[in-house]
Amino acid sequence: MLGKGVIKGLAETARNFVGSFVDRGRLDGNGITTVQYPEERRALPEATRQFPFLLYDGSDPEAGLRCVSCHICEKECPPRCITIEKSTDKKPDFVGKPQFYPAVFDIDVSVCMSCQICVEVCPFDAIRMDTEFELSTDDRFDGLMWTKEKLAKSNEYFRAIHPTEAAEVDERRAQELVAAEAKAAAKAAQVAAATVGASQ
Amino acid sequence: MTSLAVAEVEIANAAAPSGIMEVAVGPHHPSAHGVFRMDVQLDGERVVRLKPVFGYLHRNHEKIAETCSYLGSIPYTDRLDYLCSMTNNWGYALAVEALAGIVVPERADYIRVIVGELTRLQNHTAAIGFLVQDMGASGTPLMYAFREREKILDLFESLSGARMMCNYMRFGGVRVDCSPEWLEEAQHVVAGFPRFLDEFERLISGNEILMARTQGVGVLSRELAINAGVTGVMLRATGVNYDLRKVDSYGIYGRFTFRVPLGEHGDVYDRYMLRVLEMRESLKILEQALTGIPVGAIMDPKTKLRGLRPKVGEAYGRIESPKGELGFYLISDGTANPYRYRVRPPSLINLTVLEDMCLGQNLADAIVTLGSIDIVMGEVDR
């Protein structure tokens, strides 16, 4: 029958119109796929990634910064948005070994494409992906060029946004610390034994 | 064509002496599916010549990949056909695996099939939604399709961290493992999908406006389709049984039972129906893959992601992406960057037959025909 499709379409409209008042599945929020952002916000999945940030241990972003300025992320970054300048002096890392640190660490987030290759290649767990997405700024250049100070975020923050990943990293680093301490103790014992041997 | 669309076409040469009018549809036309222009010569409403003009979105994809490491190219492949980043990763990963002789663990192969078929579902929902939108059904069918697509994008986000630019697969496996909860959620989405398809088909498939606008429109002959190298739904709508999942059985597709739906007329309606039927077949594959997924490793332990230097040689990896045969051709000279990197984009090659499908038809039908090709300009222009 000519016009059947039109009537079917109108019936669909009518069903949805009435359904929005009486359909229990729609009234209690199930089956609704949209939310009233920004008043309402859905919880982000744990894996969500936006832009990278730098991790530091403890409370001092300068002293605890994990980055040792090895330039791997700078070289691997597909759109080349990372700029690193190595320091001239060294500071001790979490196991006490002296390491370089970045004198300059800039990420141009207007170029960054959130691919997290930098996170995958970092051997020091120093860079991770943030979940912050409301980042608009009226400053086209400096506002989107994030420096070391803006990028540095604490390990507690990392634990809060990516709990599973942070637990894995923390455990691995704790093991590394234990191994480093054991090695240091063994070396100290060796040195002590050698000193004792020499004095006898 | 609606009056609004007529108002938006730029009249380039209104009064040609022969009575032929030349109209440039696009590149900012809402039905152009991206920045794409059709230079159309019209005799009244009838198309007598059609010249596709593209390149507005060219961004040196292949040259950039030749300056990047093998790992660094993966996020760029996401941005080819930006609706189907997962399958783009897959095609590239297959090419590098063939080049470097990498074997993928079984679980990773299963995860690839799962996300690949989910990608096919969400691409086809978007494709038929936009196709119906091009015919003037603005709103309802597209929103229904997008509501369902969103559930699959949520799955992608909780797995890979991003809805569309997933950057998920790696040569040698996949980046992160999927949790049992994720598989359960995926099963839930797959189980709910036929309900959407039934609802959509009840609303649209038998609709007389849809049939009047699509049946016998944009007919592509079997000979031309084969000669022009057209692949995917476009080719199968003409009745040619060619699906790389069956022909190549890449990955572990040989283990699943599914059928390849074929059309017979090669018109827009066949392409629409084929997409719907393909989604139903994808659901069958997904059900089998989600129940059969084994435990185990997700990455080949011997594969070095950073600083991969395959031995000198060349390789071609191809998959049946939702749009057709997506191939990556790589030549290695033994260094950390590919010497040559070439993409065989299904969208571009399917687009080349646009003029042949549109000649002698009304301009409004040319818009619908373009919509039925299912192009993404990110892949056409690269």
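It should be emphasised that the depicted structure is a prediction, and the values quoted were computed from it without experimental measurement. Numbering of residues begins from 1 in every chain and follows the order in which that chain's sequence is written. Written order decides the labels, with chains lettered from A and ligands numbered from 1. At least 70 in pLDDT is required for a residue's local features to be given in this predicted model, at least 80 for side-chain atom pairs to be given and counted, and no such filter applies to totals for whole chains, interfaces and linings, which use all residues.

Overview of the overall build of chain A
Of regular secondary structure, chain A possesses seven helices and eight strands. Both definitions apply: the radius of gyration is a C-alpha atom measure, and the globule rule equals 2.2 Å times residues to the power 0.38. Taken over C-alpha atoms, the radius of gyration comes to 27 Å for chain A, far larger than the 16 Å a tight globule of 200 residues would show. Along the first, second and third principal axes, the C-alpha set of chain A runs to 110 × 40 × 30 Å. For chain A, buried positions account for 20% of its 200 residues. Only DSSP runs of H or I covering at least 4 residues are called helices, and only runs of E covering at least 2 are called strands; the numbering of each starts at the N terminus. In this scheme every C-beta is placed from the backbone, and a residue whose C-beta has 20 or more other C-beta atoms within 10 Å is buried, one with 12 or fewer is exposed, and one in between is partly exposed.

A word on the overall build of chain B
For chain B, the count of helices and strands is 16 helices and nine strands. The C-alpha radius of gyration of chain B comes to 21 Å, within 12% of the 21 Å expected for a compact globule of 382 residues. Expressed along its principal axes, the backbone C-alpha trace of chain B runs to roughly 70 × 45 × 35 Å. For chain B, buried positions account for 49% of its 382 residues. For chain B, long-range pairs separated by at least 24 residues make up 70% of all intrachain contacts whose partners lie at least 6 apart in sequence. The contact criterion used here is simple: two residues whose C-beta atoms, placed from the backbone, lie within 7 Å are in contact.

A word on unusual backbone geometry
A cis amide bond, omega 5°, links Y37 of chain A with the succeeding residue P38 of chain A. Its place among the elements puts P38 of chain A in the loop between helix 2 (24–27) and strand 1 (52–56). With a phi close to 70°, H71 of chain A is a non-glycine residue in the positive phi region. Mapped onto the fold, H71 of chain A is located in the loop between strand 1 and helix 3 (72–76). Look at D374 of chain B: it is not a glycine, yet its phi comes out positive at around 65°. The class for D374 of chain B is buried, based on 28 C-beta atoms found within 10 Å.

Observations regarding the sheet that holds strand 2 (residues 82–86) of chain A
Residue and element names in this part refer to chain A. What makes two strands pair is DSSP finding at least two bridges between them. One open sheet accounts for three strands, arranged 2-5-7; its pairing is antiparallel. Each edge of the sheet is formed by a strand with only one pairing partner; in this case those strands are strand 2 and strand 7 (145–146). Where strand 2 lies against strand 5 (residues 102–108), five bridges are found, and the strand directions are antiparallel. Note that in strand 5 the partner of I84 across the bridge is F105.

What to know about the pairing of strand 4 (residues 46–53) of chain B
Residues and elements named next belong to chain B. The pairing of strand 3 (residues 37–43) with strand 4 spans seven bridges and is antiparallel. What sits directly across from Q41, in strand 4, is R49. Connecting strand 3 to the next strand, strand 4, in antiparallel fashion are two residues, including G44 with a positive phi near 70°.

Concerning the domain arrangement of chain B
The parts lose accessible area when they come together, and the size of an interface is often stated as this lost area. Residues and elements named next belong to chain B. Here the bounds of each domain stem from an automatic or database domain assignment. You can read the domains of chain B as domain 1 (3–53) and domain 2 (61–381). Across the contact, 13 residues belong to domain 1 and 17 residues belong to domain 2. At the level of secondary structure, the elements contributing two or more residues to the side of domain 1 that touches domain 2 comprise strand 3 and strand 4. Here the side of domain 1 that touches domain 2 gets four residues from one element, more than from any other, and that element is strand 4.

Comments concerning the interface of chain B and chain A
Between chain B and chain A, the residue contacts involve 22 residues of the former and 19 residues of the latter. Of all the secondary-structure elements, those providing two or more residues to the side of chain B that touches chain A are helix 3 (74–78), helix 6 (140–160) and helix 8 (208–214) of chain B. No other element matches the seven residues that helix 6 of chain B contributes to the side of chain B that touches chain A. Residue type decides the class: Asp, Glu, Lys and Arg count as charged, Ala, Val, Leu, Ile, Met, Phe, Trp, Tyr, Cys and Pro as nonpolar, and the leftover types, Gly among them, as polar. Class assignment of the residues belonging to the side of chain B that touches chain A gives a composition of nine nonpolar, eight polar and five charged.

Here's the deal with the nonpolar core
Residues L54 of chain A together with V96, I114 and A366 of chain B are the most contacted members of the largest nonpolar core, which totals 125 residues. Per-element accounting of this core gives the leading share, 13 residues, to helix 5 (residues 106–134) of chain B. Among residues more than four places away in sequence, those in contact with I114 of chain B are A186, L286, A289 and L290 of chain B. Each nonpolar core comprises buried Ala, Val, Leu, Ile, Met, Phe, Trp, Tyr and Cys residues, the members being joined through C-beta atoms within 7 Å.

With respect to the sheet that holds strand 9 (residues 338–344) of chain B
What holds strands together in a sheet is hydrogen bonding between their backbones, with the strands either parallel or antiparallel. All names here are of chain B. A sheet is described by the order of its strands in space; here three strands give the open sequence 7-8-9, paired in antiparallel fashion. Each edge of the sheet is formed by a strand with only one pairing partner; in this case those strands are strand 7 (313–321) and strand 9. The sheet shows a mean angle of 10° between the axes of neighbouring strands, direction not considered. Direction of pairing for strand 8 (residues 324–332) relative to strand 9: antiparallel, over a ladder of six bridges. Of the residues in strand 9, the one forming a bridge with I331 is R340. Geometry is summarised by axes, namely lines fitted to C-alpha atoms with helices restricted to the contacting stretch, and by angles between N-to-C directions that run from 0 to 180 degrees. The sheet contacts of helix 4 (residues 85–100) involve strand 7 and strand 8, and relative to strand 7 the element is tilted by about 150°.

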